[in-house]
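# Structural overview
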Amino acid sequence: MHRKLEQSRKLQKRAERLIPGGVNSPVRAFQAVGGDPPFLVRGSGSRVWDADGNEYIDYIGSWGPLILGHAVPKVVEAITAAAKNGMSFGTSTSTEADLAEMVIAAFPSIEKLRFVSSGTEATMSAIRLARAYTKRKYVVKFEGCYHGHADALLVKAGSGIATLGIPGSAGVPEEFAQFTLALPFNNMDAVEHAFSKFKHQIACVIVEPVVGNMGCVPGSGEYLAALRLTTQREKAVLIFDEVMTGFRVAFGGAQELYGIRPDLTTLGKIIGGGLPVGAYCGSSEIMNLVAPLGPMYQAGTLSGNPLAMAAGLATLTHLKEQKDKLYPQLEKLSAELVAGVAAAAKAAGVAICHNRTGSMFTWFFTPGPVTDWTSAAKSDTKAFGRFFHAMLDRGVYLPPSQFEAAFMSSAHTQKDVRETIAAAKQAFGRAAAV
Ligand SMILES: *Cc1c(COP(=O)(O)O)cnc(C)c1O
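What you see as residue numbers is a count from 1 along each chain, following the sequence as written. Totals for whole chains, interfaces and linings use every residue, but because this is a predicted model, local features are given only for residues with pLDDT of at least 70 and side-chain atom pairs only at 80 or more, for both listing and counting. Heavy atoms from the whole structure form the basis of all side-chain values; hydrogens and water molecules are not counted.

## Some thoughts on the pairing of strand β3 (residues 55–58)
Here is the rule: Paired strands, as defined in this entry, are two strands with at least two bridges between them according to DSSP. Secondary structure elements are defined from DSSP: runs of H or I of at least 4 residues count as helices, runs of E of at least 2 residues count as strands, and each element is numbered from the N terminus.
Pairing of strand β2 (residues 47–50) with β3 involves three bridges; the strand directions are antiparallel. The residue bridging W49 from the neighbouring strand is E55, located in β3. Following β2, the chain reverses through four residues before pairing antiparallel with β3; G53 in that reversal takes a positive phi of roughly 85°. Of the strand pairs in this sheet, β3 and strand β15 (residues 396–397) are connected by two bridges, and their pairing is parallel. In the strand pairing of β15, I57 is matched with V396.

## A few points about the pattern of salt bridges
What counts is decided by this rule: Salt bridge, as used here, is a side-chain nitrogen of Lys or Arg placed within 4 Å of a carboxyl oxygen of Asp or Glu. Think of it in three bands: with a 1.4 Å probe and only protein chains considered, a residue is buried below 20% of the maximum accessible area for its type, exposed above 50%, and partly exposed in between.
According to the stated counting rule, one finds 13 salt bridges in the structure shown. For the salt bridge of E192 with R233, the shortest nitrogen-to-oxygen distance reads 2.7 Å. Of the two residues, E192 is situated in helix α7 (residues 188–197) and R233 in helix α8 (residues 221–233); the sequence distance between them amounts to 41 residues. On the basis of relative accessible area, R233 is assigned to the partly exposed category, the value being 47%.

## A few points about the sheet that holds β15
Taken in spatial order, the four strands of this open sheet run β1-β2-β3-β15, and their pairing is mixed. The two strands at the open ends of the sheet, each matched to only one other strand, are β1 (40–44) and β15.

## Here we look at the packing of α7 against α8
Note the threshold: Angular values range over 0 to 180 degrees, each being the angle between N-to-C directions of two axes fitted as lines to C-alpha atoms, with helices fitted over their stretch in contact. For classification purposes, an angle smaller than 35 degrees is called roughly parallel, one larger than 145 roughly antiparallel, one from 65 to 115 roughly perpendicular, and anything else oblique. In what follows, residue pairs with any heavy atoms lying within 4.5 Å of each other are defined as contacts.
Two elements in contact, α7 and α8, have axes whose closest approach is 10 Å; the angle formed by their N-to-C orientations is 10°. When the interaxial angle is binned, α7 and α8 end up roughly parallel. Side by side, α7 and α8 meet where M188, V191, E192 and F195 of the first sit next to Y223, A226, L227, T230, T231 and R233 of the second.

## Describing unusual backbone geometry
Of the consecutive residues A291 and P292, the connecting peptide bond is found in the cis state with omega at 15°. You can see P292 is positioned in the loop between α10 (284–287) and α11 (306–347). The amide bond that connects G368 to the next residue, P369, takes the cis arrangement and shows omega of 0°. Position of P369 among the secondary structure elements: in the loop between β14 (360–364) and α12 (373–376).

## Some words on the domain arrangement of the protein chain
What counts here: Where a domain begins and ends is set by an automatic assignment or by a domain database. Joining two parts hides part of their accessible area as seen by a 1.4 Å probe, and the buried area is that hidden amount summed over both.
You can read the domains of the protein chain as domain 1 (6–71 + 322–432) and domain 2 (73–317). On the side of domain 2, 34 residues touch domain 1, which itself brings 33 residues to the contact. Around 2,600 Å² of area is buried between domain 1 and domain 2 when both sides are counted, 66% of it from carbon and sulfur atoms. Taken together, the links from domain 1 to domain 2 amount to zero salt bridges. Listing elements by their share of the side of domain 1 that touches domain 2, those giving two or more residues are α11, β13 (353–357), β14 and α12.

Written as structure tokens, this is what we have:
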């Protein structure tokens, strides 16, 4: 394969002089897979183009937000129309309530929500709120789950932390993380043990019901139901971090899929339609503790930004109108893709396993099964790196880390899937040969 990379390399060198690693989010630097990250200049539907003119079928979708694909005309028009009326006022605008109404209607567990500008802000605020509500200090999280980069949540986190193989982050004093309990995922005994050891001290349990940030690892239905019962019994707040899964695995998120109502939900990614939005959401009883109604403080200069609200509203409106067709179609095509690539691996004698929930999925380079961080970490990341580059050379852009879920959008076609499986057959053939 002779993919031109000259322009991207030049742009990367320049960026490296100005920005740490040349990137504004670590995983973009390709450290886990090596090689040069393409600089993208354009996206349309399921495809993206880089600065050297290479075309790729994109399975990153901006790490989750782009469930409709790139540059969807309806979303672009909504953003443009909003921009013409002014970028930001720092006052309330009616679109905020429009988007809030749509989210609330989609999630039976949500009566009120507060918009912020990222998933990190959403989870950080949800935890502050859970502590304010329970007047307790401890937070339970799970190994390999990523909830943004707030100090107390960077303990044994997924995403870039898992990709770089580091336990947490420098610059977080032990004292800041001393109330964070990191437990193995999909393991109820560990949760029961923590609740008995820290009786009446655990404010909340925060979980990605379908983890996307150690690769795709679904929670078992039994486990998530048990989390609901135990938190209820212990009067602790159950937070579903649905920043990735909200409007992704079903219109009503993982909680619709599993039939479980958490106390608080965090959202982001899709609800911003590609622009920066997050939200923390729950019952009126809990949400009324947020300032100015209550004593829990949280604010944001650009929160509820009119452009971001317009992008989110256009995206959710489309999803709502099309949901009976769109989600089954995503399910069908994703299943076909994941099975096709798995079959190609088997034919080439490469040991992989796969996890998938709707349109989010991962091929792990381990025989599996992968149910938690310990089993995910058994993956042969070097083999993944070779596969990743072989796919990239063949015009298929997967997330550049074994520990990040891939996404399909509603713009992906049968042809995209066929081409991706064909590329995988060649890629595995090569991987087996080396
Ligand atoms: C992406 C993500 C976050 C963080 O969102 P940002 O917008 O990157 O701050 C939090 N939780 C989950 C589950 C995520 O996937």
